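Here is how the chains run, residue by residue.
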Amino acid sequence: MTHGEPPRPDATCDGGDLDCGSGLLLIIRSAMEPLAGGGVLLVKSREGSVREDLPAWCRLVGHGLLDARAADGGYWHFSIRKKGEDAALAADLEQARDHVWQTRVRWRGGMQSQATSRNHAQAIGQPQSFDTADAAPAAVEVLLAAIGGALSNGFAFRLSQQGIAVQQLEVVVRGRLRDPLVFLGLADGEPGLRRLELVVYVAADADEPQLQALLDQTVQRCPVLGSLRADLERTIRLQVV
């Protein structure tokens, strides 16, 4: 921990609970872009790994870490002095825009497959199932899990950016297919989701209008929800607990 008064920042960015490998560095570099060389950026973070990774990144790229100290709400504050013009920023942002996520799915026999993404593997059962005791979640359930996970983690990130402490956060996702019989070959028509219902249960140190506004931002910027059909009927409801 650094003692004395921290340097006065020229700009501030809040990374919330993001770590350096999950987009925090892009946020930092975007916040630094308008600053002249020698300008000071205050970076706020609640992610513990940043205390080790950010100084290493500063040394690597040539920025100066002037100050690091604990702050209120579980935050750490880092004061970074920008080096000369960072010509690589535009290239890094363009690389992020062009990034391709990849998952490899291998059939394991019967109605079982295994999906591998980076160093993560998960079993996937049949595309849709009505059984209560399957060996693996149906592919539709994996899709609902991706929707709920993206919304839950995205909401938590936006809350952390505002310094809002969260005691509880849970998302319940329910989906209805247009016609489950289409997959089975017993009917013709559209097989995909026709209705999506989400209830977001949250207990946090903020009032309901503020929570609703942050949830709306999360929905608007969610890459998973944004990938679904535009005509999908959906309801997303906030429930403060």
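Note that the coordinates shown come from a computational prediction; the quantities given were computed from them, not determined experimentally.

Scoring rules and cut-offs
Residues numbered from 1 in each chain as written. Predicted model: local features only at pLDDT ≥ 70, side-chain atom pairs only at ≥ 80, totals over all residues. Heavy atoms only, no water. Axes fitted to C-alpha atoms, helices over the stretch in contact; angles between N-to-C directions. Helix = DSSP H or I, 4+ residues; strand = E, 2+ residues; numbered from the N terminus. Parallel < 35°, antiparallel > 145°, perpendicular 65-115°, else oblique. Left-handed = near helix turned anticlockwise from the far one by under 90°. Contact = heavy atoms within 4.5 Å. 1 Å grid on protein atoms, 1.4 Å probe; cavity = no way out; pocket = protein on both sides within 12 Å on 5 of 7 lines; lining within 4 Å. Points joined across faces, edges and corners; volume = space filled by probe spheres on them. Nonpolar A, V, L, I, M, F, W, Y, C, P; charged D, E, K, R; others polar. Pairing = 2+ DSSP bridges. Expected span 1.5 Å × (residues − 1). Buried < 20%, exposed > 50% of the residue type's maximum accessible area, 1.4 Å probe, protein only. Arc of directions from axis to C-beta. Polar contact = N/O pair within 3.5 Å; in protein donor to acceptor, adjacent residues only side chain to side chain. Core = buried A, V, L, I, M, F, W, Y, C linked by side-chain atoms within 4.5 Å. Patch = residues over 30% accessible without salt bridge, like charges linked within 9 Å, V, L, I, M, F, W, Y side chains within 5 Å. Areas by Shrake-Rupley, 256 points an atom, 1.4 Å probe, with all protein chains shown as cover. Salt bridge = Lys/Arg side-chain N within 4 Å of Asp/Glu carboxyl O.

Colleague: Please explain the packing of helix H4 (residues 139–161) against helix H5 (residues 208–220) as it appears in this structure.
Modeller: When two helices pack together, their arrangement is given by the angle between the helix axes and by the axis-to-axis distance. Closest axis-to-axis distance for the H4/H5 pair is 9 Å, and the angle between their directions is 125 degrees. The angle between H4 and H5 places the two elements in the oblique class. At the point where H4 passes H5, the crossing takes the right-handed sense. Every residue of H5 that contacts H4 at Leu151, Gly154, Phe155, Arg158 and Leu159 is listed here: Leu211, Leu214, Leu215, Gln217, Thr218 and Val219.

Colleague: So what exactly am I meant to see when it comes to the layout of surface pockets here?
Modeller: Space left empty within the atom packing is revealed by a probe, the size of a water molecule, rolled over the atoms. Space inside the largest pocket adds up to approximately 2,200 Å³. Residue lining of the largest pocket: 42 residues in total, with Ser22, Trp101, Ala150, Pro223 and Val224 positioned closest to the centre. Those elements that place two or more of their residues in the lining of the largest pocket are helix H1 (24–32), helix H3 (89–97), strand E6 (112–117), strand E7 (120–124) and H4. For the lining of the largest pocket, the element with the highest residue contribution is H4, accounting for 13 residues. Of the residues in the lining of the largest pocket, the class split is 20 nonpolar, 16 polar and six charged.

Colleague: I would appreciate a short explanation of the sheet that holds strand E9 (residues 193–204) in the present structure.
Modeller: Two strands in a sheet stick together by hydrogen bonds in their backbones, pointing the same way (parallel) or opposite ways (antiparallel). Strand order in the open sheet made by the three strands is E8-E9-E10, with mixed pairing throughout. Strands with a single pairing partner mark the edges of an open sheet, and in this sheet they are strand E8 (166–177) and strand E10 (233–240). For this sheet, the mean angle separating the axes of adjacent strands, direction not counted, is 10 degrees. Pairing of E8 with E9, which is carried by eleven bridges, proceeds in the antiparallel orientation.

Colleague: Honestly, H5 in this entry has me stumped. Any pointers?
Modeller: Every α-helical turn comprises 3.6 residues, leaving residues that sit three or four positions apart pointing alike. In a regular helix each residue adds 1.5 Å, so 13 residues correspond to 18 Å; H5 covers 18 Å between its end C-alpha atoms and thus fits that length. The set of residues buried in H5 consists of Leu211, Leu214, Leu215, Thr218 and Val219. Burial along H5 is one-sided: seen end-on, the buried residues are contained in an arc of 145 degrees. Exposed side chains of H5 directed beyond 90 degrees from the buried face belong to Pro209 and Gln220. Considering only its buried residues, H5 is in contact with H4, E9 and E10. Its side-chain oxygen placed 3.0 Å from the backbone nitrogen of Gln210, Asp207 serves as the N-cap of H5.

Colleague: Would you mind showing me how to read the environment of Pro9 here?
Modeller: In this fold, Pro9 is placed in the segment before strand E1 (11–14). Residue Pro9 is classed as partly exposed on the basis of its relative accessible area of 33%. With 72 residues separating them along the chain, Pro9 and Arg81 place their C-alpha atoms 9.0 Å apart. Excluding its chain neighbours within four sequence positions, the residues that come into contact with Pro9 are Val40 and Leu42.

Colleague: What's the story with the nonpolar core in this structure? I'm lost.
Modeller: One broad trend across soluble globular proteins is that nonpolar side chains are buried collectively. Core analysis: the biggest nonpolar cluster contains 24 residues, and Leu151, Phe155, Leu196 and Leu211 have the highest contact counts within it. The leading source of residues in this core is E9, at six residues. Setting aside chain neighbours within four positions, we find Leu196 in contact with Leu144, Ile147, Val173, Arg174, Gly175, Leu225, Leu228, Leu232, Glu233, Arg234 and Thr235. Core analysis: the second largest hydrophobic core is formed by 20 residues, Cys13, Ala68, Trp76 and Phe157 among them.

Colleague: What am I meant to see in a nonpolar patch on the surface here?
Modeller: Residues Met111, Phe130, Leu181, Phe183, Leu184 and Leu186 make up a contiguous nonpolar surface patch of about 640 Å² in total accessible area. Here Phe183 lies in the loop between E8 and E9. Taking the relative accessible area as the measure of exposure, Phe183 reaches 38% and is therefore partly exposed.

Colleague: Explain the side chain of Ser160 to me, please; I cannot follow it from the model alone.
Modeller: Turning to its location among the elements, Ser160 is positioned in helix H4. Note on Ser160: relative accessible area 0%, which makes it buried. Here Asp17 takes part through its backbone nitrogen, which lies 3.2 Å from a polar atom of the side chain of Ser160. The contact partners of Ser160, leaving out residues within four places of it in the chain, are Asp14, Gly16, Asp17, Arg46 and Tyr75.

Colleague: Please explain the sheet that holds strand E3 (residues 64–70) as it appears in this structure.
Modeller: With mixed pairing, four strands are arranged side by side in an open sheet as E1-E2-E4-E3. Pairing within the sheet leaves two strands with one partner each, and these edge strands are E1 and E3. The mean angle between the axes of side-by-side strands here comes to 20 degrees, regardless of whether they run parallel or antiparallel. In terms of strand pairing, E3 meets strand E4 (residues 76–81) through six bridges, oriented antiparallel. Looking at the pairing, Ala68 lines up with Phe78 of E4. Strands in contact with H1 are E1, strand E2 (40–45) and E4; relative to E2, the strand with the most contacts, it is inclined by about 150 degrees.

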